[in-house]
There are 2 protein chains.
Amino acid sequence: MEFSFLKPLIKEAKTKIVFLVMDGIGGLPRDEDNKTELEAASTPNLDALASEGICGLQIPVRSGITPGSGPGHLGVFGYDPVQYQVGRGVLAANGINFDLQHGDVAARGNFCSIDSEDNVTDRRAGRISTELNQQLCKLLQEKVNIPGVEVFIRTVKEHRFLIVFRGKDLSGAIHDTDPQELGVKPLRPMATKSEADRTVGIVDQFLTQAHDILKDHHPANMVLLRGFSQKPSWPHMDECFGLKSAAIAAYPMYRGVAKLIGMNVLETGETINDEFTTLENHWDEYDFFYIHIKKTDSYGEDGNFEKKKSVIEEVDAFIPRLRALHPDVIVVTGDHSTPSKMAMHSWHPVPVLLWSERCRRDNVKTFGERACITGGLGPRFPAVDLMTLALANAKRLEKFGA
Amino acid sequence: MEFSFLKPLIKEAKTKIVFLVMDGIGGLPRDEDNKTELEAASTPNLDALASEGICGLQIPVRSGITPGSGPGHLGVFGYDPVQYQVGRGVLAANGINFDLQHGDVAARGNFCSIDSEDNVTDRRAGRISTELNQQLCKLLQEKVNIPGVEVFIRTVKEHRFLIVFRGKDLSGAIHDTDPQELGVKPLRPMATKSEADRTVGIVDQFLTQAHDILKDHHPANMVLLRGFSQKPSWPHMDECFGLKSAAIAAYPMYRGVAKLIGMNVLETGETINDEFTTLENHWDEYDFFYIHIKKTDSYGEDGNFEKKKSVIEEVDAFIPRLRALHPDVIVVTGDHSTPSKMAMHSWHPVPVLLWSERCRRDNVKTFGERACITGGLGPRFPAVDLMTLALANAKRLEKFGA
């Protein structure tokens, strides 16, 4: 959706919209009963929303494209992910409230394990504890020294950290050093544009020093860097959609995405219950709420069908608490599919339901991949169109033209 | 559809295409039987067309966008309404055959009712008669006097009139004065671009004079102006599609839209029967006919489910007369939805059927919103694609590429 076209149509209303994003919700059927995680889950409350609402399957980026978490979310929030691209580094910085300056280059780091020949044996260093991560980040922060450049190393969670380079004329146009496979060496940093040549040299110095500093800390004896990037200036949700918006997400990464488009990030706890309590406590303060459920994706990535199914059932039980707040529009979807059969993000369209008093109900009675094919939103609904549809259902759009 | 891409593919043929546009045809289910106006109506002839044709739901502008009549029609005729924007003033001028010059600023006026404190009590002055409208327009035309500017005030219908300002360096970049709600004063005219500052002063003078001239004419004791605009230059139907086209519409507004894209507007009467008689009388003269049915929308806007349903049934009875002419392609759709439950235009997709000997039939057997979800055109077909599909079915398009 073109924001400039939409802008004159935005009008004020006292209505409230909730986007419940179950990360990686879409799946693939398991062999034993030909059901996906969502189809196998017992979800009476989501099914009721589906029956009273309009359903479909949405495509977060483009047909056949597997979205990362950033693009997947941006699509769902109405920002075309092809137009609005940002590196994981910036997202990570936002997610942990690191005060990224314009010009800084940020990257997402993973502690990883390498063998005596420097080949990667575990890209996540056995998912070390956050505590160990903190010790290692402190160690790196103390010992790394690159003349003329300030380096910030900050813990994110488990094996994940943030690294920020601050200095003159830096560029984020650098390839990942994560080889995305085992048994090979970490990649050397490479410039994707010549303007980044000097920054590549700086990153290279850092990697050499890190290799030395971490050598006795197996399993976390090396780092991989991804998503080199600089802070973008994007239009905010209030400008684009006239919405005072709040994000409720336990994980830093998702708070980061939300901040980039100007959402207010609410303090919340680790559990789904914490998130819904936060929603209830702030209900009067905002027009739009984004609630993020992480574990559907985590268990999908672990290939754990049963646990992913259980998380879906757990979320289903919170729907009555959501409905008790009387939102005007509820959207339930994901930022992408993460079939536990594949144990990774995938390109498969994502189940979506929109509930409001004013939607035109279709004949879908259950919230599942195959049921949604026949829904009124169709089997390949562009995710970027969700927000305008939600605004329309919330009576927040004027008629276009006379 | 990009016209430049299409143009080399256009070929001559002796085939005929009819677009039957039932204004505001789409609806929402009523509570008693969960049926929309179209689903509740008995439509054996439309159902037969649906059974022999291909069905779906189309989106006139964009997902979630509620189309005004102009954009809704343009979309159906293959002109992207976001690209081809025009104000209601120009449409109104076209609709009553007012010879708008390039540089004129036209606006649609409503006579309205205001109370002693100038707050609007009825935005349509109780829908006064066309006769009273004519008297009041004459009065305004005689008394309004703005130095250096020619002002034309013309009756459209009921409470609607056209006003045209003619002079040097005028601009149509002015906000509506219609507040779109009751109990508040009409809005002062405001420039949307600084180039319109002088024109705003002229409009302001007119409004001050009109307020004085009309003060003793309650319920029509003030005016609201909308859709300030100037004449655009758009490609015509014959250039874009190679079609000699005719519009059959009882209401001026719709004749106006048709003229903007170069259709020949045929004289016709007020009734559906008049319109079909006009079609029959001119059958040999054109390749493409647009027939407009107004009352489906009018009753929808009045919130009158039963009457809207009756008009649909009335139109259904004319289908045999249409088919007796042996058109090659019939498209039945609307320019937008007007659910009587909402009593206004809405964003909901619009039922559409395309009938031809050469279409690929789907399994839809009845013409209704939910039946169309499963049709071959899908639940969210872009309206702008209808015209090329009709041309293809009319054997009017060459193969693309070798």
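Our structure's up above, just so we're on the same page.
What you are looking at is a predicted structure, and each value in this text was computed from that prediction instead of being measured.

Considering the overall build of chain A
Turning to step 1, where the next piece is worked out: Assigned secondary structure in chain A consists of 15 helices and 13 strands.
Turning to step 2, where the next piece is worked out: A globule of 402 residues ought to have a C-alpha radius of gyration of about 21 Å, and chain A, at 22 Å, matches this closely.
Turning to step 3, where the next piece is worked out: With respect to the principal axes defined by its C-alpha atoms, chain A has extents near 60 × 50 × 35 Å.
Turning to step 4, where the next piece is worked out: Counting the 402 residues in chain A, one finds 59% classified as buried.
Turning to step 5, where the next piece is worked out: Counting only contacts in chain A whose residues sit at least 6 apart along the sequence, the fraction spanning at least 24 positions is 75%.
Turning to step 6, where the next piece is worked out: In the structure as shown, chain A presents an accessible area of about 15700 Å², 48% of it carried by carbon and sulfur atoms.
Turning to step 7, where the next piece is worked out: Charge separation in chain A, taken as the distance between the mean sites of 46 positive and 54 negative side-chain charges, equals 3 Å.

As for the packing of helix α4 (residues 69-76) of chain A against helix α9 (residues 252-260) of chain A
Residue and element names in this part refer to chain A.
Turning to step 1, where the next piece is worked out: Direction vectors running N to C along α4 and α9 enclose 45 degrees, while the axes themselves pass 10 Å from each other. With respect to each other, α4 and α9 are oriented oblique. The handedness of the crossing between α4 and α9 comes out as right-handed. Contacts between α4 and α9 involve Ser69, Gly70, His73 and Leu74 from the first element and Met253, Tyr254 and Val257 from the second.
Turning to step 2, where the next piece is worked out: Within the contact of α4 with α9, the residues separate by chemical class into four nonpolar, three polar and no charged.

A short note on the sheet that holds strand β10 (residues 288-293) of chain A
Paired through their backbone hydrogen bonds, the strands of a sheet run either parallel or antiparallel.
All names here are of chain A.
Turning to step 1, where the next piece is worked out: With respect to topology, eight strands assemble into an open sheet ordered β9-β8-β10-β1-β11-β12-β2-β13, the strand pairing being mixed. For this open sheet the edge positions go to β9 (264-265) and β13 (378-382), each flanked by a neighbour on one side alone.
Turning to step 2, where the next piece is worked out: In the sheet, strand β8 (residues 245-248) pairs with β10 via four bridges, with the strands oriented parallel. Bridge assignment links Ala246 to a residue of β10, and that residue is Phe289.
Turning to step 3, where the next piece is worked out: Running over the sheet, helix α10 (residues 272-281) touches β1 (17-22), β8 and β10 and is turned about 175 degrees from β10.

Focus on the layout of surface pockets
All names here are of chain A.
Turning to step 1, where the next piece is worked out: Taken as a whole, the second largest pocket holds about 890 Å³ of empty space.
Turning to step 2, where the next piece is worked out: Looking at the second largest pocket, it is lined by 32 residues, and the ones nearest its centre are Arg124, Arg160, Lys294, Asp297 and Glu301.
Turning to step 3, where the next piece is worked out: Looking at the lining of the second largest pocket, the elements with two or more residues in it are α5 (88-95), β3 (105-114), β5 (150-157), α9 and α11 (295-301).
Turning to step 4, where the next piece is worked out: In terms of residue count, α11 provides more of the lining of the second largest pocket than any other element does, five residues in total.
Turning to step 5, where the next piece is worked out: Across the lining of the second largest pocket, the residue classes tally to ten nonpolar, eight polar and 14 charged.

As for the side chain of B:Glu39
Residue and element names in this part refer to chain B.
Turning to step 1, where the next piece is worked out: One can find Glu39 in helix α2 (residues 37-40).
Turning to step 2, where the next piece is worked out: Polar side-chain contacts of Glu39 include one of 2.5 Å to the side chain of Arg370.
Turning to step 3, where the next piece is worked out: Sequence-distant contacts of Glu39, that is, excluding residues within four places in its chain, are made with Asn34, Gly368, Glu369 and Arg370.

Quick word on the nonpolar core
Turning to step 1, where the next piece is worked out: Residues A:Phe19, A:Tyr79, A:Phe241 and A:Phe288 are the most contacted members of the largest nonpolar core, which totals 66 residues.
Turning to step 2, where the next piece is worked out: Sorting elements by how many residues they give to this core places helix α15 (residues 386-393) of chain A first, with six residues.
Turning to step 3, where the next piece is worked out: In contact with A:Phe241, other than residues within four places in its own chain, are A:Phe3, A:Leu6, A:Ile10, A:Phe77, A:Gly78, A:Tyr79, A:Met387 and A:Leu391.
Turning to step 4, where the next piece is worked out: Among the nonpolar cores identified, the runner-up in size contains 54 residues, and B:Ala93, B:Leu260, B:Met263 and B:Tyr290 belong to it.

Points about the packing of aromatic side chains
Turning to step 1, where the next piece is worked out: A complete count under the given rule lists 32 aromatic pairs over all chains for this structure.
Turning to step 2, where the next piece is worked out: A ring pair is formed by A:Tyr84 and A:Trp234, whose centres lie 5.3 Å apart and whose planes are at 80 degrees; its orientation type is edge-to-face. In this pair, A:Tyr84 is assigned in the loop between α4 and α5 and A:Trp234 in the loop between β7 (222-229) and α8 (237-241), connecting sequence segments 150 residues apart.
Turning to step 3, where the next piece is worked out: Ring geometry for B:Trp283 against B:Phe289: centres 5.1 Å apart, planes inclined by 15 degrees, an arrangement best described as stacked. Residues B:Trp283 and B:Phe289 agree in their burial class; the two are buried.
Turning to step 4, where the next piece is worked out: Grouping aromatic residues by their ring pairs yields a cluster made of A:Phe3, A:Tyr79, A:Tyr84, A:Trp234 and A:Phe241.
Turning to step 5, where the next piece is worked out: Across the ring face of A:Trp283, the terminal group of A:Lys16 is positioned such that the distance to the ring centre comes to 5.7 Å.

Brief notes about the pairing of β3(A)
Residues and elements named next belong to chain A.
Turning to step 1, where the next piece is worked out: Taken across its ten residues, β3 has ten buried, putting it largely inside the fold.
Turning to step 2, where the next piece is worked out: Here β3 shows two buried faces, one formed by Val105, Ala107, Gly109, Phe111 and Ser113 and the other by Ala106, Arg108, Asn110, Cys112 and Ile114.
Turning to step 3, where the next piece is worked out: Examined bridge by bridge, β3 and strand β6 (residues 160-166) share six bridges and lie antiparallel to one another. Considered in β6, the bridge of Arg108 is made with Leu162.

Description of empty space enclosed by the protein
Any empty space left between the atoms is revealed when a probe the size of a water molecule rolls over them.
Turning to step 1, where the next piece is worked out: Applying the stated criterion across every chain yields a total of one cavity of 30 Å³ or more.
Turning to step 2, where the next piece is worked out: If you add up the space inside the largest cavity, you get close to 120 Å³.
Turning to step 3, where the next piece is worked out: In terms of lining, the largest cavity is formed by 15 residues, of which the most central are A:Ile54, A:Arg360, B:His348, B:Pro349 and B:Arg380.
Turning to step 4, where the next piece is worked out: Of all the secondary-structure elements, those providing two or more residues to the lining of the largest cavity are α15 of chain A together with β13 (378-382) of chain B.
Turning to step 5, where the next piece is worked out: Partitioning the lining of the largest cavity into residue classes produces nine nonpolar, three polar and three charged.

Re the pairing of β7(A)
Residue and element names in this part refer to chain A.
Turning to step 1, where the next piece is worked out: Counting buried positions along β7 gives eight out of eight residues, so the element sits mostly inside the fold.
Turning to step 2, where the next piece is worked out: With six bridges joining them, β3 and β7 adopt antiparallel strand pairing. Within β7, the residue paired with Gly109 across the bridge is Leu225.

What about the side chain of A:Glu275?
All names here are of chain A.
Turning to step 1, where the next piece is worked out: Inspection of the secondary structure assignment puts Glu275 in helix α10.
Turning to step 2, where the next piece is worked out: Within the structure, the side chain of Glu275 is placed 3.0 Å from the backbone nitrogen of Ala250, a separation counted as a polar contact.
Turning to step 3, where the next piece is worked out: Look past the residues within four positions of Glu275 in its chain and what remains in contact with it is Ile248, Ala249, Ala250, Thr268, Gly269, Ile291, His292 and Ile293.

Re the interface of chain B and chain A
Turning to step 1, where the next piece is worked out: Taken together, the contacts link 31 residues of chain B with 27 residues of chain A.
Turning to step 2, where the next piece is worked out: Across the chain B-chain A interface, the total number found is zero salt bridges.
Turning to step 3, where the next piece is worked out: Here chain B and chain A share eight residue pairs in polar contact (both at pLDDT 80 or more) between them.
Turning to step 4, where the next piece is worked out: Counting only elements with at least two residues in the side of chain B that touches chain A, the list comes to α4 (69-76), α14 (369-373) and β13 of chain B.

Overview of the sheet that holds strand β11 (residues 329-333) of chain B
Residue and element names in this part refer to chain B.
Turning to step 1, where the next piece is worked out: Strand order in the open sheet made by the eight strands is β9-β8-β10-β1-β11-β12-β2-β13, with mixed pairing throughout. Looking at strand neighbours, the two that pair on one side only are β9 (264-265) and β13, the edges of this open sheet.
Turning to step 2, where the next piece is worked out: Across five bridges, the pairing between strand β2 (residues 54-59) and strand β12 (residues 350-356) is antiparallel. Note that in β12 the partner of Leu57 across the bridge is Pro351.

A closer look at helix α12 (residues 305-316) of chain B
The periodicity of an α-helix, 3.6 residues per turn, causes residues three or four positions apart to be oriented the same way.
Residue and element names in this part refer to chain B.
Turning to step 1, where the next piece is worked out: Between its first and last C-alpha atoms α12 spans 17 Å; for twelve residues at 1.5 Å apiece the expected length is 16 Å, and the two agree.
Turning to step 2, where the next piece is worked out: Of all the residues in α12, the buried ones are Phe305, Lys308, Lys309, Val311, Ile312, Val315 and Asp316. Relative to the axis of α12, the buried residues are bounded by an arc of 155 degrees and lie together on one face.

Describing the pattern of salt bridges
Turning to step 1, where the next piece is worked out: This model, assessed by the stated rule, comprises 39 salt bridges over all chains.
Turning to step 2, where the next piece is worked out: Between A:Glu313 and A:Lys309 there is a salt bridge, with its nearest N and O atoms 3.7 Å apart. One end of the pair is A:Glu313 and the other is A:Lys309, both in helix α12 (residues 305-316) and four residues apart, which spans about a single turn.
Turning to step 3, where the next piece is worked out: Taking relative accessible area as the criterion, A:Lys309 reaches 15% and is therefore assigned buried.
Turning to step 4, where the next piece is worked out: Among the ionic pairs, B:Arg30 bridges to B:Asp33, the shortest N-O distance being 2.9 Å.
Turning to step 5, where the next piece is worked out: Connected through shared salt-bridge partners, B:Arg30, B:Glu32, B:Asp33, B:Glu306, B:Lys309 and B:Glu313 make up one network.

As for the relation of the copies chain B and chain A
Mapping one chain copy onto the other needs a rotation about an axis and a shift along that axis.
Turning to step 1, where the next piece is worked out: Superposing chain B onto chain A takes a rotation of 123 degrees combined with a translation of 0.2 Å along the rotation axis, leaving an RMSD of 0.1 Å. The two molecules are tied by a three-fold rotation axis, judged by turn and shift.

So, how was this worked out
- Residues numbered from 1 in each chain as written.
- Chains lettered and ligands numbered in written order.
- Predicted model: local features only at pLDDT ≥ 70, side-chain atom pairs only at ≥ 80, totals over all residues.
- Heavy atoms only, no water.
- Helix = DSSP H or I, 4+ residues; strand = E, 2+ residues; numbered from the N terminus.
- Rg over C-alpha atoms; globule rule 2.2 N^0.38 Å.
- Buried < 20%, exposed > 50% of the residue type's maximum accessible area, 1.4 Å probe, protein only.
- Contact = heavy atoms within 4.5 Å.
- Areas by Shrake-Rupley, 256 points an atom, 1.4 Å probe, with all protein chains shown as cover.
- Lys, Arg positive; Asp, Glu negative; His and termini not counted.
- Charge placed at Lys NZ, Arg CZ, Asp CG, Glu CD.
- Axes fitted to C-alpha atoms, helices over the stretch in contact; angles between N-to-C directions.
- Parallel < 35°, antiparallel > 145°, perpendicular 65-115°, else oblique.
- Left-handed = near helix turned anticlockwise from the far one by under 90°.
- Nonpolar A, V, L, I, M, F, W, Y, C, P; charged D, E, K, R; others polar.
- Pairing = 2+ DSSP bridges.
- 1 Å grid on protein atoms, 1.4 Å probe; cavity = no way out; pocket = protein on both sides within 12 Å on 5 of 7 lines; lining within 4 Å.
- Points joined across faces, edges and corners; volume = space filled by probe spheres on them.
- Polar contact = N/O pair within 3.5 Å; in protein donor to acceptor, adjacent residues only side chain to side chain.
- Core = buried A, V, L, I, M, F, W, Y, C linked by side-chain atoms within 4.5 Å.
- Phe/Tyr/Trp six-rings, centres within 6.5 Å; stacked < 30°, edge-to-face > 60°.
- Lys NZ or Arg CZ within 6 Å of the ring centre and 35° of its normal.
- Salt bridge = Lys/Arg side-chain N within 4 Å of Asp/Glu carboxyl O.
- Expected span 1.5 Å × (residues − 1).
- Arc of directions from axis to C-beta.
- Least-squares fit on C-alpha atoms with pLDDT ≥ 70 in both.

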